[in-house]
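Each chain, written out:
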Amino acid sequence: MDFNKAVVAKLKKDGENFEILVNCDKAIDFKKGKGTIQDAVVAEYIYKDSKKGDKASEHEIEKYFETTDFYEVAEIILKHGEIQLTAEYRGKLREEKRKKILELIHRNAIDSQTGFPHPVIRIEKAMEEAKVKIDEFKNAEEQIEDILEKIKEIIPIKFAVKEFWVRIPAQFGGQAYAIFKKFGKILKEDWGDGLAITIEIPGGMTEEFFSKLNSLTHGDVESKEIKK
């Protein structure tokens, strides 16, 4: 049992608190469907308050979980409760979110003076200079607008959106539709003569978008840019 990495996972049921001690990384993995409950827990006790060492009685466990089997109860607590995160794990989440935000800004924004994308390193340095703080618990997409406003003070940058009309043969319609949904906002669609779509795409993703469509249809793609 690795008590050095033990954190609390807790669940409230009808106002009553129940806690178990778990390995942070393995508990998060289990919550995502990886590993086993046996790997995640570090002590086979159900607590009311783990800091005080106050254990839940068998009667309480049976009343609120309808079982006294430790691993069944631990599984319920992990799947439906909250896991206390270590500083190390929070830092890992923050770094993953930072990289995601960098990627999204690079793909969606351009230099407002030249019209060309900024290199990732330039965006990264601007974020450092602007002292941007990443919230590890918020989606990357939710944070981009605020971050863009901050780095605008350092480099000329703006989001660029392009609108295209695209038509592909009907036999590729189903697979192509998934590509359309992934890369942009569908404004209009017509399944008559093949699949004709009017779509809004972030400027930095245009090249990859058409590369995917051309690969799928073996180059049988009609398109025209409607507006920037």
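Throughout this document, residue positions are counted from 1 along each chain, in the order its sequence is written. Given that the model is predicted, a residue must reach a pLDDT of at least 70 before its local features are reported, and side-chain atom pairs must reach 80 or more before they are shown or counted; all residues, however, enter totals for whole chains, interfaces and linings. Where side-chain values are given, they derive from all heavy atoms of the structure, hydrogens and water being excluded.

A. A look at the nonpolar core. Put simply, buried Ala, Val, Leu, Ile, Met, Phe, Trp, Tyr and Cys residues joined by side-chain atoms within 4.5 Å make one nonpolar core. When a residue's accessible area, from a 1.4 Å probe over protein chains only, is under 20% of the maximum for its type it is buried; when over 50% it is exposed; and in between it is partly exposed. Grouped together as the largest cluster of nonpolar side chains are 27 residues, with contacts concentrated most on Ile 20, Val 22, Ile 46, Phe 65, Ile 77, Leu 78 and Ile 83. Put simply, DSSP marks the helices as runs of H or I at least four residues long and the strands as runs of E at least two long, and each gets a number from the N terminus on. When contributions to this core are tallied by element, the ones reaching two or more residues are β1 (6-13), β2 (16-23), α1 (24-31), α2 (37-40), α3 (58-65), α4 (70-80) and α5 (87-108). With five residues, α4 is the largest single contributor of residues to this core. Note on contacts: a residue pair qualifies if any of its non-hydrogen atoms lie within 4.5 Å across the two residues. Ignoring any residue separated from it by four or fewer positions in sequence, one finds Phe 65 in contact with Leu 11, Lys 13, Phe 18, Val 73, Ile 76 and Ile 77. Grouped together as the second largest cluster of nonpolar side chains are 18 residues, Phe 180, Ile 201, Phe 209 and Phe 210 included.

B. Spotlight on the environment of Arg 98. Tracing the backbone shows Arg 98 in helix α5. When the C-alpha atoms of Arg 98 and Ile 134 are compared, they prove to be 6.5 Å apart, with 36 residues separating the residues in sequence. Residues in contact with Arg 98, not counting those within four places in the same chain, are Glu 124, Met 127 and Ile 134. For this analysis, a polar contact is any N or O atom pair within 3.5 Å, provided that within protein one partner can donate a hydrogen and the other can accept it, and provided that sequence-adjacent residues contribute only side-chain to side-chain pairs. Separated by 2.7 Å, the side chains of Arg 98 and Glu 124 make a polar contact.

C. Highlighting helix α8 (residues 173-183). When we look at burial in α8, the residues that qualify are Gly 173, Ala 176, Ile 179, Phe 180 and Phe 183. All buried residues of α8 lie within an arc of 120 degrees about the axis, which places them on one face of the element. In α8, the exposed positions that point more than 90 degrees away from the buried face belong to Gly 174, Gln 175, Lys 181 and Lys 182. Think of the arc as the fan of directions from the helix axis to the C-beta atoms.

D. Examining the packing of α5 against helix α6 (residues 120-129) more closely. To obtain each axis, a line is fitted to C-alpha atoms, and for helices this fit is confined to the stretch in contact; angles are then taken between N-to-C directions over 0 to 180 degrees. Direction vectors running N to C along α5 and α6 enclose 125 degrees, while the axes themselves pass 10 Å from each other. Viewed along their axes, α5 and α6 adopt a mutual orientation that is oblique. Between α5 and α6 lies a crossing of right-handed hand. Residues Arg 98, Ile 101, Leu 102, Ile 105 and His 106 of α5 form the contact with α6, whose own contacting residues are Val 120, Ile 123, Glu 124 and Met 127. Here the residues of the contact of α5 with α6 sort into six nonpolar, one polar and two charged. Relative orientations are named as follows: roughly parallel for angles under 35 degrees, roughly antiparallel for angles over 145 degrees, roughly perpendicular for angles from 65 to 115 degrees, and oblique for any other angle. Note: crossing handedness is left-handed where the near helix turns anticlockwise from the far helix by less than a right angle, and right-handed where it turns clockwise. All amino acids are sorted into three groups, where Ala, Val, Leu, Ile, Met, Phe, Trp, Tyr, Cys and Pro are nonpolar, Asp, Glu, Lys and Arg are charged, and the leftover types, Gly among them, are polar.

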